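# Observations on the model geometry
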Amino acid sequence: MALGVWIRAGVIALAGLAATACASYPDAPRYSTRPMPGVGAGAPPVAPPYGAPTTANTPVPPVYEAPPPTAAPVERIDGGALPPPVSGSSTSGGAINTPPAYNPPPPTYVPPPVATAPTTVSAGAAYEIQPGDTISGVGRRFQTPVQILIDLNGLGPRGAITVGQSIILPDSAVDIGPDPYATGPTPRGVLVPENGIAPPPPPPPSGNPATPPPPRQPASSGQTGTAAPGSVSLQWPVRGDIVRRFGPVGLGERNNGINIGAPAGTAVVAAADGVVGYVGDDLPGQGLTVLITHRGGWRTVYGHLGSATVDDNQTVRAGQQIGTVGLTAGDGRPSMHFETRRMQGDEPVAIDPVTVLPR
């Protein structure tokens, strides 16, 4: 009887624990009673979880809309060159060297080319080319630029001419007198100066042909040179070796004199009495040159001088110094060029100096 009562009491106790355990599981979720952010009076409503059903009493938060963009501030920026750097101190304590500012020079104004009207040249008289004439000699004698002669006669870029050819001169041509490069007669209708006589012309170029020399007469003792009829006695302009002789030198060229080698600066003397007819260095291939005229139509030419000690129209005596030996003859050593010429008509003809100089 006591045992049954104890068992019944245990069963009842177990049933009570089971009922208590069952009652401890809530039917709905429970939340903390602490205030939560966004919960309470005055707090903005919170949107329900995604997918949760909504009711009429559930407040719906407004949809967030981004504010309209505001315009960027606009401000005027003044342009200009950067200010020059300011000298300061480097981390090591030394001064910073700043290069000078580059200031480019202003551009130079170049005016556009002005077109000029071509010069009109009227044709005049005609000159007949003689043996030994050159187009430059014709231009010099008739005071006419060579290019005008080439254009008037259609001679081409080289200005080639032939013996017997008629060269048209401009109507402004003036004949200043015979020239070794233009030895023909004065054309009819060409102006000839009336005041004074033109100075003796310079020697012709070395390409002119030479005529046979006159018979050489033996020199008697005491003479300084040989004397032919109508000639003068000549003496050597300088003593030295003959490094280039008279006559052909190859490639169709001739040497119309001789080249005499002597130390640079050696005195060069006049071969005979006479008058200086030319001093200058504008003869092609002749260097500094002195020309002396003598009686009997003789002329002597002293080329490739180092210096000249006489002037135009100066009277000189045989043996008088007229210059010095130079270095421009191209003989590989100091030397001077010497020519002897004799007028035949209006043309100075080259004669071998060795045949008229004392031996």
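Now for a description of the structure that goes with this document. (Residues numbered from 1 in each chain as written. Predicted model: local features only at pLDDT ≥ 70, side-chain atom pairs only at ≥ 80, totals over all residues. Heavy atoms only, no water.)

We now examine the pairing of strand S10 (residues 298-308). Within a regular beta strand, the side chains point alternately toward one face of the sheet and then the other, so they alternate between its two faces. For S10, a buried count of eight out of 11 residues is recorded, marking the element as mostly surrounded by other parts of the structure. As defined by bridge partners, strand S9 (residues 288-293) adjoins S10 across five bridges and the pair is classed as antiparallel. Residue Val 290 lies in a different strand from S10, and its bridge partner there is Tyr 302. Taken together, S9 and the strand that follows it, S10, pair antiparallel across an intervening segment of four residues, in which Gly 296 is found at a positive phi of about 80 degrees. Here six bridges tie S10 to strand S13 (residues 335-344), and the two strands are oriented antiparallel to one another. Within S13, the residue paired with Tyr 302 across the bridge is Phe 338. Looking at chain direction, S10 and strand S12 (residues 321-325) are connected through three bridges and run antiparallel. The residue of S12 that forms the bridge with Ser 307 is Thr 324. (Buried < 20%, exposed > 50% of the residue type's maximum accessible area, 1.4 Å probe, protein only. Helix = DSSP H or I, 4+ residues; strand = E, 2+ residues; numbered from the N terminus. Pairing = 2+ DSSP bridges.)

Here the focus is the environment of Ala 350. Mapping Ala 350 onto the fold places it in strand S14 (residues 347-351). Owing to a relative accessible area of 0%, Ala 350 belongs among the buried residues under this scheme. Separated by 51 residues in sequence, Ala 350 and Arg 299 place their C-alpha atoms 9.4 Å apart.

What follows deals with the nonpolar core. Val 290, Ile 292, Tyr 302, Ile 322, Met 336 and Phe 338 are the most contacted members of the largest nonpolar core, which has 26 residues in total. Listed by contribution, the elements that provide at least two residues to this core are strand S6 (258-261), S9, S10, S12 and S13. When residues in this core are grouped by element, the largest group, three residues, is from S10. When sequence neighbours within four positions are dropped, the list of residues in contact with Met 336 reads Pro 237, Val 238, Ile 258, Asn 259, Ile 260, Val 268, Tyr 302, Gly 303, His 304, Leu 305 and Val 325. Ala 125, Ile 129, Phe 142 and Val 190 belong to the second largest nonpolar core, which has 14 residues in total. (Core = buried A, V, L, I, M, F, W, Y, C linked by side-chain atoms within 4.5 Å. Contact = heavy atoms within 4.5 Å.)

Topologically, Thr 300 is positioned in strand S10. With relative accessibility at 1%, the residue Thr 300 sits in the buried group. Among the polar contacts made by the side chain of Thr 300, one reaches the side chain of His 294 at a distance of 2.8 Å. (Polar contact = N/O pair within 3.5 Å; in protein donor to acceptor, adjacent residues only side chain to side chain.)

Those residues of helix H3 (residues 146-153) lying buried are Leu 149, Ile 150 and Asn 153. Here the buried residues of H3 occupy an arc of 100 degrees about the axis, which is enough to place them on one side. Looking at the buried side of H3, the elements it contacts are helix H2 (135-141) and strand S2 (166-170). At the C-terminal side of H3, Gly 154 shows a positive phi close to 60 degrees. (Arc of directions from axis to C-beta.)

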